[in-house]
Amino acid sequence: MGHGVNAQTVAPVGALDAPALRMPHWPSSLPQDDTSASGAVSPVSKAKNGSVLRRVALSSFLGNFIEWFDYATYTYFAIQIGTAFFPADSGINSTLLAFAIFAISFIFRPLGAMFWGSMGDRKGRKWSLSVSIFVMTGAAFLIGILPGYSSIGLAAPLLLLVLRSVQGFSAAGEYSGAAVFLAEYAPVNHRGLYCSLVPASTASGLLAGSMAALAMKLVLPEAAVEEWGWRVPFLIALPLGLVAHFIRTRLEDAPAYKKTQENGGKDGDSVQPLRELFSKYRRRLLVSIAATMVNSVGFYLVLTYLPTYLTSYAGLDAALAQGITAASLLVYIALIFLSGKVSDLVGRKKMLQAACVLFVAFSVPGFCLLNAGVLPFVIAGQLLLSVILTVNDSNIACYQAEMFPTSVRYTGAAMGSNIAYVLFGGTASFVATVLIDATGNGMAPAYYMIAICVVAFLILLFAHEYSGRSMDSID
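Keep in mind that what you see is a predicted model, and the values were worked out from it rather than measured. (Residues numbered from 1 in each chain as written. Predicted model: local features only at pLDDT ≥ 70, side-chain atom pairs only at ≥ 80, totals over all residues. Heavy atoms only, no water.)

A.B. asks: Report on the pattern of salt bridges, specifying residues and quantitative values.
C.D. replies: Two side chains of opposite charge can pair, provided their charged atoms sit close to one another. Tallied over the entire structure, the rule returns 10 salt bridges. Here Arg191 and Glu402 are joined by a salt bridge, their closest N and O atoms 2.7 Å apart. Within this pair, whereas Arg191 is found in helix H9 (residues 191-195), its partner Glu402 is found in helix H18 (residues 375-403), the two being separated by 211 residues in sequence. Note on Glu402: relative accessible area 0%, which makes it buried. With a shortest N-O distance of 2.5 Å, Arg348 and Glu402 are connected by a salt bridge. (Salt bridge = Lys/Arg side-chain N within 4 Å of Asp/Glu carboxyl O. Helix = DSSP H or I, 4+ residues; strand = E, 2+ residues; numbered from the N terminus. Buried < 20%, exposed > 50% of the residue type's maximum accessible area, 1.4 Å probe, protein only.)

A.B. asks: Explain the packing of helix H5 (residues 125-145) against helix H7 (residues 155-171) to me, using residue names and the numbers behind them.
C.D. replies: For any two helices packed against each other, one specifies the inter-axial angle together with the distance between the axes. Put simply, H5 and H7 touch, their axes get as near as 8 Å, and they point 155 degrees apart. Between H5 and H7, the angle is such that the two are roughly antiparallel. Note that H5 runs across H7; the crossing there is left-handed. Facing Ser132, Val135, Met136, Ala139, Ala140, Leu142 and Ile143 of H5, the residues of H7 in contact are Leu160, Leu163, Arg164, Val166, Gln167, Ser170 and Ala171. For the contact of H5 with H7, a count of residues per class yields 10 nonpolar, three polar and one charged. (Axes fitted to C-alpha atoms, helices over the stretch in contact; angles between N-to-C directions. Parallel < 35°, antiparallel > 145°, perpendicular 65-115°, else oblique. Left-handed = near helix turned anticlockwise from the far one by under 90°. Contact = heavy atoms within 4.5 Å. Nonpolar A, V, L, I, M, F, W, Y, C, P; charged D, E, K, R; others polar.)

A.B. asks: Would you mind going over the environment of Tyr175 in detail, with residue names and values included?
C.D. replies: Counting through the fold element by element, Tyr175 comes out in helix H8 (residues 174-185). Its relative accessible area of 8% is what places Tyr175 among the buried residues. Those residues in contact with Tyr175 that sit more than four places away from it in its chain are Asn64, Val198, Pro199, Thr202, Asp393, Ile396, Ala397, Ser417 and Tyr421.

A.B. asks: Kindly report on H18, identifying the contributing residues and their values.
C.D. replies: Counted at 1.5 Å a residue, the expected span for H18 with its 29 residues is 42 Å, and the 42 Å between its end C-alpha atoms agrees. The sharpest bend along H18 comes to roughly 40 degrees, located at Ile396. Burial analysis of H18 places 21 of its 29 residues in the buried class, which makes it a mostly covered element. (Expected span 1.5 Å × (residues − 1). Bend = angle between axes of the 7 residues up to and from the residue.)

A.B. asks: Residue-level account of the packing of aromatic side chains, with values.
C.D. replies: A full pass over the atoms with the stated rule returns 21 aromatic pairs. Measuring from centroid to centroid gives 5.2 Å for Trp68 and Phe299, while their planes differ by 75 degrees, and the two rings are edge-to-face. With Trp68 in helix H1 (residues 43-76) and Phe299 in helix H15 (residues 282-312), this pair connects stretches of sequence that are 231 residues apart. Neither residue differs from the other here; Trp68 and Phe299 are each classed as buried. (Phe/Tyr/Trp six-rings, centres within 6.5 Å; stacked < 30°, edge-to-face > 60°.)

Here it is, written out as C-alpha cells:
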C-alpha cells in the first residue's frame, strides 16, 4: 500500500479500542507517505496509524461476532422460537419449522453477496460495511420484539421469515467485507495475523451465543425462558451493531481502494464489478469456492454439528457434549492467531493445502476417537479436528481478499464465500446425518470431509500465492 492514510480526518474513538486487540506483539504501523525528510515515519503519525488500524480491527471483529452470536442464539433457542411463532395444535413439529426458516434464510446470502460486494467495490468498503451492519442488527432486534402466533396469527411466522431473510441478505457481505477492509489496511508482512481476527470473531460469537443461551436457561425458570427470555440476546444485537456502525462511519477506505478509485475516475458507480468478476476472474472465483469448501464443511461439522453427533451416535450427555465443543472453541480461537502468523511466514496457499492433507490423514482417526464414547478420547478427537481446522480457517479470509484485484475484491471474496457456504456449509449437518442413516456407519462424516478436501487440494494446486504483495499490485 504505497499511499498514506490521512489519519487526521478520522475522529478519535480511543474509548472504543478493545483491550483484546492490544496484544503485546501485534504490529500497529501502517505504510504511508507522512514521513520526515530522512524518510522515517514520525512517532506521531505512527501512533495515529496504529489507532486507525486498531479501530478497523475492532469494527471487523464486532460485525462477525454479532452475526455468529445471533446464529448461535437462534439455534439454541429454536424450541422456544418454534413455540412462539407456530401454532401448538397444528400437528407439525414447531422446532423443525423454526429450523426451516433458519435454513431458508441462507438462500438469500448469494444475493446479498452480489449486492454488498458490488456496493463495496463501487461506493467503498466503509459504505457497505456501515450500512450492512445496521440492517443486520436491526433485523435481529425486530425478531426480539416480534409478536408471536398467539398475538398476530400467521403473520408471526411470515414476518419471522422476512426478518431472517433480511439478516441472511445483510450478513452475506460481513465476513468477506471485514476481511477485505482489514487486508487493505494491514501491514503487508502481518496481513495474515490481522485477518485471522475474522475467523476468531466468528468462533467468539458462536461461543458467546451458546454461553448466553445456556446462562439464560440456567438462571431463568423454564416458563420465563419460553415467554421472554429467548428474546434478550436478539435485543442485545442492536446496541452492539450501533457501536460497530459508529466506529465504521469514523473510518476511511484504505489507500489501495482510494488509489484505484482515483485511477478509474471519481465516479465509482461506473464500475461493474460483477461483470468484471465473471468475465475475467472465473478461475480465481473457483479457487475461492474450493478453499472455502474446507472451511464451511469443517467448521459446521467440527464446531456446530459435533454436539448433536456426540449425543446421538457416541452416547454422551448433551450438556457434556456442548461443554467439550465450548472448550474446543476456546482452543480454536487461541490457535487461529498462531496459524495466521505462520501464514505470513510460509504463505496462505501452503497453509490451505496443508489443512487439506491433514484432514485427509486424520479425519478417520479423529472420528474413531469420538466414536469411542470415552471422555478423554472424545476430547482428544475434537481437539485434533479443531487444531487442523485452524490451519485452514486462519487463512481463508486473507487469501480471498488477496486473490482479487482491488476493483472486484469485495465482490469476489463475498461471492466465493457465500456460494461455498450455501452449497456446503449450510448443508453439512444435513448431509452428515443422511450419510450416517443411509450407510449405518458413524464414520460417514469423516469420509465426506476427506472427499471435500481432496477436491479442494486438487483445485488449489493450480492456484497462485499472493502473500507478501501489496494489495494494489494484485491483478
